[in-house]
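Chains, contacts and geometry: an overview
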Amino acid sequence: MKKILLVCAAGMSTSLLVNKMKESAIEQGIEIDIEALPVSECSTVVDSVDIVLLGPQVRFQKPQVDALVAGRIPVEVIDMRLYGTMNGKAILESALAKIS
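Looking at an unreviewed UniProt entry, one finds the chain named PTS sugar transporter subunit IIB and attributed to Clostridium paraputrificum.

The next thing to look at is the overall build of the chain. Helices and strands together make up the secondary structure of the chain, namely 4 helices and 4 strands. Walking the chain from its N terminus toward its C terminus, one meets helices and strands in the order β-α-β-β-α-β-α-α. Computed over its C-alpha atoms, the radius of gyration of the chain comes to 12 Å, within 12% of the 13 Å expected for a compact globule of 100 residues. Dimensions of the chain along its principal axes, counting C-alpha atoms only, are 35 × 25 × 20 Å. For the chain, the proportion of its 100 residues judged to be buried stands at 42%.

Here we come to the UniProt feature "modified residue: Phosphocysteine" (unreviewed entry) in the chain. Summarizing the sequence annotation, UniProt attributes the feature "modified residue: Phosphocysteine" (unreviewed entry) to C8 in the numbering used throughout. Note on placement: C8 falls in strand β1 (residues 2-8). Those residues in contact with C8 that sit more than four places away from it in its chain are T14, L37, P38, V39, Q57 and V58.

Unusually for a residue other than glycine, A70 sits at a positive phi of about 50 degrees. Within the secondary structure, A70 is located in the loop between α2 (62-69) and β4 (75-77). With a relative accessible area of 66%, A70 lands in the exposed category. A positive phi angle is found at M86, which is not glycine, with a value near 55 degrees. Structurally, M86 can be placed in the loop between α3 (80-84) and α4 (88-99).

Below, the discussion takes up α4. Helix length check: α4, at 12 residues, gives a terminal C-alpha distance of 17 Å against a target of 16 Å (1.5 Å per residue), a fit within 8%. Within the sequence span of α4, burial applies to G88, I91, L92, A95, L96 and I99. Buried residues of α4 fall within an arc of 130 degrees about the axis and therefore sit on the same side.

This paragraph deals with the pattern of salt bridges. Within this structure, the stated rule accounts for 2 salt bridges. Close ionic contact of D66 with K62 constitutes a salt bridge, the shortest N to O distance being 3.0 Å. Placement of both D66 and K62 in helix α2 is noted, with a separation of 4 residues, approximately one turn of the helix. When its relative accessible area of 26% is taken as the criterion, K62 is described as partly exposed. The partner of E93 in a salt bridge is K89, with the nearest N and O atoms 3.9 Å apart. Of the two residues, E93 and K89 both sit in helix α4, 4 residues apart, roughly one turn of that helix.

Quick notes on the rules
- Residues numbered from 1 in each chain as written.
- Predicted model: local features only at pLDDT ≥ 70, side-chain atom pairs only at ≥ 80, totals over all residues.
- Heavy atoms only, no water.
- Helix = DSSP H or I, 4+ residues; strand = E, 2+ residues; numbered from the N terminus.
- Rg over C-alpha atoms; globule rule 2.2 N^0.38 Å.
- Buried < 20%, exposed > 50% of the residue type's maximum accessible area, 1.4 Å probe, protein only.
- UniProt positions renumbered as here; feature names shortened; annotations may be inferred.
- Contact = heavy atoms within 4.5 Å.
- Expected span 1.5 Å × (residues − 1).
- Arc of directions from axis to C-beta.
- Salt bridge = Lys/Arg side-chain N within 4 Å of Asp/Glu carboxyl O.

In C-alpha coordinates form, the structure reads like this:
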(Lines give C-alpha, C1' and ligand atoms only; values in the text may rest on other atoms or scores of the structure.)
Protein backbone atom coordinates (compact mmCIF):
# COMPACT_ATOMS: atom_id res chain seq x y z
CA MET A 1 0.00 0.00 0.00
CA LYS A 2 1.26 3.45 -0.94
CA LYS A 3 1.52 6.15 1.71
CA ILE A 4 1.16 9.88 1.06
CA LEU A 5 2.01 12.61 3.56
CA LEU A 6 0.50 16.07 3.16
CA VAL A 7 2.40 18.79 4.98
CA CYS A 8 0.88 22.14 5.86
CA ALA A 9 1.08 24.95 8.39
CA ALA A 10 -1.52 23.81 10.93
CA GLY A 11 -3.46 20.97 9.31
CA MET A 12 -6.97 22.36 9.02
CA SER A 13 -7.48 22.82 5.28
CA THR A 14 -5.14 19.97 4.48
CA SER A 15 -7.20 17.50 6.51
CA LEU A 16 -10.18 18.45 4.32
CA LEU A 17 -8.05 17.70 1.26
CA VAL A 18 -7.02 14.34 2.77
CA ASN A 19 -10.71 13.41 2.99
CA LYS A 20 -11.29 14.41 -0.65
CA MET A 21 -8.28 12.35 -1.74
CA LYS A 22 -9.45 9.32 0.27
CA GLU A 23 -12.94 9.60 -1.26
CA SER A 24 -11.37 9.60 -4.73
CA ALA A 25 -9.19 6.59 -3.87
CA ILE A 26 -12.23 4.64 -2.66
CA GLU A 27 -14.16 5.51 -5.85
CA GLN A 28 -11.23 4.24 -7.93
CA GLY A 29 -10.64 1.13 -5.80
CA ILE A 30 -7.16 2.27 -4.76
CA GLU A 31 -5.76 1.20 -1.39
CA ILE A 32 -3.78 4.12 -0.01
CA ASP A 33 -2.83 5.68 3.30
CA ILE A 34 -2.98 9.48 3.34
CA GLU A 35 -2.04 11.56 6.36
CA ALA A 36 -1.70 15.28 7.04
CA LEU A 37 0.73 16.81 9.51
CA PRO A 38 2.12 20.25 10.26
CA VAL A 39 5.59 20.79 8.84
CA SER A 40 6.97 20.85 12.39
CA GLU A 41 5.95 17.19 12.86
CA CYS A 42 6.70 15.71 9.42
CA SER A 43 10.15 14.46 10.42
CA THR A 44 8.46 11.80 12.58
CA VAL A 45 6.95 9.97 9.57
CA VAL A 46 8.93 10.84 6.43
CA ASP A 47 10.79 7.53 6.61
CA SER A 48 7.55 5.55 6.26
CA VAL A 49 5.88 7.35 3.31
CA ASP A 50 6.25 7.17 -0.47
CA ILE A 51 5.81 10.88 -1.24
CA VAL A 52 5.51 14.18 0.63
CA LEU A 53 3.10 16.78 -0.73
CA LEU A 54 3.53 20.32 0.56
CA GLY A 55 0.59 22.69 0.81
CA PRO A 56 1.19 25.88 -1.19
CA GLN A 57 1.31 27.89 2.05
CA VAL A 58 4.48 26.04 3.16
CA ARG A 59 6.22 25.76 -0.23
CA PHE A 60 9.06 27.91 1.11
CA GLN A 61 9.94 24.99 3.43
CA LYS A 62 10.56 22.56 0.57
CA PRO A 63 14.37 22.71 0.98
CA GLN A 64 13.96 21.76 4.65
CA VAL A 65 11.74 18.77 3.78
CA ASP A 66 14.05 17.80 0.89
CA ALA A 67 16.89 17.62 3.42
CA LEU A 68 14.81 15.39 5.69
CA VAL A 69 14.05 12.85 2.97
CA ALA A 70 17.57 13.04 1.49
CA GLY A 71 16.40 12.16 -2.03
CA ARG A 72 14.76 8.91 -0.93
CA ILE A 73 11.23 9.97 -1.97
CA PRO A 74 9.68 12.78 -4.02
CA VAL A 75 8.77 16.04 -2.32
CA GLU A 76 6.28 18.07 -4.34
CA VAL A 77 4.37 21.31 -3.83
CA ILE A 78 0.64 20.92 -4.46
CA ASP A 79 -0.61 23.07 -7.33
CA MET A 80 -2.22 26.17 -5.83
CA ARG A 81 -5.33 25.97 -8.03
CA LEU A 82 -5.91 22.30 -7.26
CA TYR A 83 -5.39 22.98 -3.56
CA GLY A 84 -7.72 25.98 -3.60
CA THR A 85 -10.49 23.99 -5.25
CA MET A 86 -9.80 20.93 -3.04
CA ASN A 87 -9.47 18.75 -6.17
CA GLY A 88 -8.57 15.56 -4.32
CA LYS A 89 -8.86 13.41 -7.44
CA ALA A 90 -6.33 15.41 -9.47
CA ILE A 91 -3.91 15.74 -6.56
CA LEU A 92 -4.13 12.00 -5.84
CA GLU A 93 -3.55 11.12 -9.51
CA SER A 94 -0.56 13.46 -9.68
CA ALA A 95 0.96 11.97 -6.53
CA LEU A 96 0.46 8.39 -7.72
CA ALA A 97 2.06 9.24 -11.07
CA LYS A 98 5.15 10.57 -9.28
CA ILE A 99 5.62 7.49 -7.10
CA SER A 100 4.92 4.87 -9.77
